[in-house]
Amino acid sequence: MKLPHLLLTAATLVALSAARAQTAPTAAPAVTLDAVRVTTDLWGSPLARLPASVTVFDEAALRAGTIRHFGDLVDQIPNLTWTGATSRPRYLQIRGIGENSQYEGETPDSAVRFLVDDLDFTGLGTLGGTFDVHQVEILRGPQAGAFGANAAGGVVRLVTNAPTPFWTGQIETTAGEDALREGGFAIGGPLVVAQPEQLMVRLAIFQHNSDGFRHNVTLNRDTNARDEFTARLRLTANFSPAWRWEATVLFSDVNNGFDEFALNNNGRLTYSDQPGRDEQRSTAASLRGTYTGLAGARLTTITSDSRVKSIYSYDDDWTAASYQGFSDLRRDRDVFTQELRLDSALTHAALGWIDRWTLGAYFSNTAEKGAYTDIDPGNVRGLTTKYNADNLALYGQLAHDFDAHTRLIVGLRTERVDLDGRGTKTRYRASRGTYDPAITFRPSFDDTLLGGKITLEHDLTADTLVFASLTRGYKAGGINIDARISPPADPLTYATETLWNYELGLRGNWLDHRLTGELTAFYLDRADTQVRDSAGFGGNYRFFTANGRTAHIAGLEASAAYAVTKELSFHGTLAHMESALDAFTLTNGNTGGRRRLANTPRYGYTLGARYRDASGFFANAELVGRASQFDSNNQNEARRAFHLYNASLGYAWREWTFTLWGKNLLNTRYEKRVFFFGNEDPNYVDTRYEDRADPSQLGVSAAYRF
């Protein structure tokens, strides 16, 4: 029997034997699952009281052994999908809404917001390591009230460990297959001994190296290797009774290769003679201040700025013996945000009929410059772009308690969006030594958007909540800055997409809090559905976004956890989506629709067990499955369905934890991106090309926490 089978079998047997051990007739002590608080929602709430569809991975789940990066979680989250062809998952979709790329000429607007604390890295999730992360929160569905234009699909937030008034820390190291080497260090505590809560600090540093599961035969080296460094500093200051200040500074240097495709789709070997890169250097800072000196209200100010330089490049033909071409895309992105918010100090009877209220204002500026070149022996094709977006929003939310068990929550948001951009196409013909005339587009777009949410919630019992909500979300219109398109057939601008989301949910605790669970059913109605399109072959493509007609998605999301004893618990999730994209014809004649939407697999599930005894021994086993899904709305190739196994075994002794873990234990073959186009000389016949997901991997980790 192979080692992966042994590890999986051992973890499963441990869980089963522990379950059998609990069948003795002696009375079991009371067991409860830990309470979790969700911070991403506009009103931070205990998970058990949140009237929305949400998934939370707490610190215990993140330490289970197989989770090193947010990318290790994406297939476990109900109705969240992701798109590969990058070194790490960074393009996310929730309930089928979200972008699957940002190639040259594609703009940085996104429908799924990705946050690290108060820092906005939407579309830049490569830096989503989970070292020293307290919990990961995923809110599904349009978040019109709190987040607006960039959260039509939902929000993902990594909440890192905050400074504490006592010294804590951890040291962690990992080694594994694929030449995996990781090391992390975190420490935090008070800087003023006499007043420990006056000034607190926490520093976390982490380094990851691995070979990227590919080997380049042409160059005889690992050209897909990962080299990722992250440093994060958090400060909390309480210099006066009324003010609390929280600051974060983050630096991340992702220096990864990108060489994953081969014409024969073998999944392990590549043949490029010009391998690409997927690099991202990020510097970001945020400052949150909370003032409690007002009568009846609390003031919050949040300022953040992130600056990201990225390189994304690849060998066009993936070989050393074809048409030769190399694409290189470099971007500089700066995102500045400022938010001011007033919250009622009371959550009951705060203002007459209004029991709780929030008023806020939000401003953001996103500026991005791009420089793209595609070089072959006869040409140097160029595309330079500029993109600038200003978003200004006003929002409010209030709650009314009809009685002790029934509440109404109403939220509204109005948002002004102003976009402008520029794209310039150039071409140098090396054989002639001449330049073609440059072509420049300068599109602009503005719109005023309105969204909101009405939620009615009712306590069936002290531990069971039922809710119904209606949300009007929006995905702002925008501009196309790829100067290789052909207006007016290809549009320079596209319209705002509107979404109506209907939800009915149940959340609760049962069996003396041993069992927790939630079930949400939803129906999503999309009008003027935005679709990204492309045209071309080989290394020569043009990209643009346009509007289709209507689309519909119906589904459910369920999760449950059951603590059999203090030692043994089971957990699982289930997701389902049915979708339809109505037939449409774009102005350039391209057609689409009449089928399921991209990124809406019919089902997804997880089933897992966790065991930990008093001696410190622990084991985890998990099964993860996902149905097939289309990657794009303009081609009909689908990723295949899959199910895979993850497991870990370990021992905790005092401050030490030792873990043996395995991912994808049965080495299941499945894809993270599928293309269908012509890329082979001489006829460029349309062909299916696959970007294979990670194969099986075993590793060991050691951590010291104090």
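All residue numbers here refer to positions counted from 1 along the written sequence of the relevant chain. With pLDDT at 70 or above as the cut-off, local features in this predicted model cover only qualifying residues; side-chain atom pairs require 80 or more to be listed or tallied, and sums for whole chains, interfaces and linings still use all residues. Side-chain metrics rest on all non-hydrogen atoms present in the structure, leaving aside hydrogens and water.

### Description of the packing of aromatic side chains
The criterion for an aromatic pair is that two Phe, Tyr or Trp rings (for Trp, the six-membered ring) have centres within 6.5 Å, with stacked assigned to planes under 30 degrees apart, edge-to-face to planes over 60 apart and tilted to the rest. On inspection of all chains with the given rule, the structure shows 23 aromatic pairs. Here Trp 243 and Trp 245 contribute two aromatic rings whose centre-to-centre distance is 4.7 Å and whose plane-to-plane angle is 10 degrees, an arrangement assigned as stacked. On the numbers, 4.2 Å between centres and 25 degrees between planes, the contact of Phe 642 with Tyr 670 is stacked. Taken together, the residues span a long stretch of sequence, with Phe 642 in strand β41 (residues 642-653) and Tyr 670 in the loop between β42 (656-663) and β43 (671-677) at a distance of 28 residues. Throughout this description, buried means an accessible area under 20% of the type-specific maximum (1.4 Å probe, protein chains only), exposed means over 50%, and partly exposed covers the range between. Owing to a relative accessible area of 9%, Phe 642 belongs among the buried residues under this scheme. In textbook terms, an aromatic cluster arises when at least three aromatic residues are bridged by ring pairs, as seen for Tyr 103, Phe 258, Tyr 312, Tyr 314 and Phe 543. Working definition: helices are DSSP H or I runs of at least four residues, strands are E runs of at least two. Numbering for both runs from the N terminus.

### Some remarks on the nonpolar core
The tendency in soluble globular proteins is for nonpolar side chains to be buried side by side. Nonpolar core, defined: a set of buried Ala, Val, Leu, Ile, Met, Phe, Trp, Tyr and Cys residues in which side-chain atoms within 4.5 Å join the residues together. Grouped together as the largest cluster of nonpolar side chains are 27 residues, with contacts concentrated most on Phe 70, Leu 92, Phe 114, Phe 121, Val 136 and Val 156. Put simply, the parts of the chain that give this core at least two residues each are α2 (59-62), β4 (80-83), β5 (91-94), β6 (112-116), β8 (133-140) and β9 (154-160).

### Considerations on the sheet that holds β9
The criterion for strand pairing is that DSSP finds at least two bridges linking the strands in question. Pairing is mixed in the open sheet, where five strands are placed in the order β3-β8-β9-β6-β7. Across the chains shown, the open sheet's two edge strands, defined by having one partner strand only, are β3 (54-57) and β7 (119-120). Of the pairings in the sheet, the one linking β3 to β8 comprises four bridges and is antiparallel in character. Bridge pairing in β8 places Val 54 opposite Leu 139.

### Overview of the confidence of the model for the protein chain
pLDDT expresses, on a scale from 0 to 100, how confident the predictor is about each individual residue. Per-residue confidence for the protein chain gives a mean pLDDT of 91, with 94% of residues at or over 70. Between residues 1-33, whose pLDDT stays under 50, and residues either more than four places distant or in other chains, the model counts 50 contacts. The contact criterion used is simple: two residues touch if any of their non-hydrogen atoms lie within 4.5 Å.

### Concerning unusual backbone geometry
Across the junction of Pro 487 and Pro 488, the peptide omega takes the value 5 degrees, indicating a cis bond. Take Pro 488: it is sitting in the loop between β27 (478-479) and β28 (493-494). Pro 682 follows Asp 681 through a cis peptide bond whose omega is 0 degrees. Looking at the element boundaries, Pro 682 is found in the loop between β43 and β44 (687-692).

### Overview of the pattern of salt bridges
Charged atoms that come close allow side chains of opposite charge to pair. Here, a salt bridge means any side-chain nitrogen of Lys or Arg that lies within 4 Å of a carboxyl oxygen of Asp or Glu. Summed over all chains, the structure comprises 57 salt bridges. Residue Arg 63 is joined to Glu 59 by a salt bridge in which the shortest nitrogen-to-oxygen separation is 3.0 Å. Classification of Arg 63 by relative accessible area gives partly exposed; the value is 40%. Arg 95 is the salt-bridge partner of Glu 557, the closest N and O atoms lying 2.8 Å from each other. One end of the pair, Glu 557, is in strand β33 (residues 551-563); the other, Arg 95, is in the loop between β5 and β6, with 462 residues separating them in the sequence. Using a relative accessible area of 0% as the deciding quantity, one classes Glu 557 as buried. Judged by its relative accessible area of 1%, Arg 95 falls in the buried class. Residues participating in the shared-partner salt-bridge network are Glu 637, Arg 640, Arg 669, Glu 671, Arg 688 and Glu 690.

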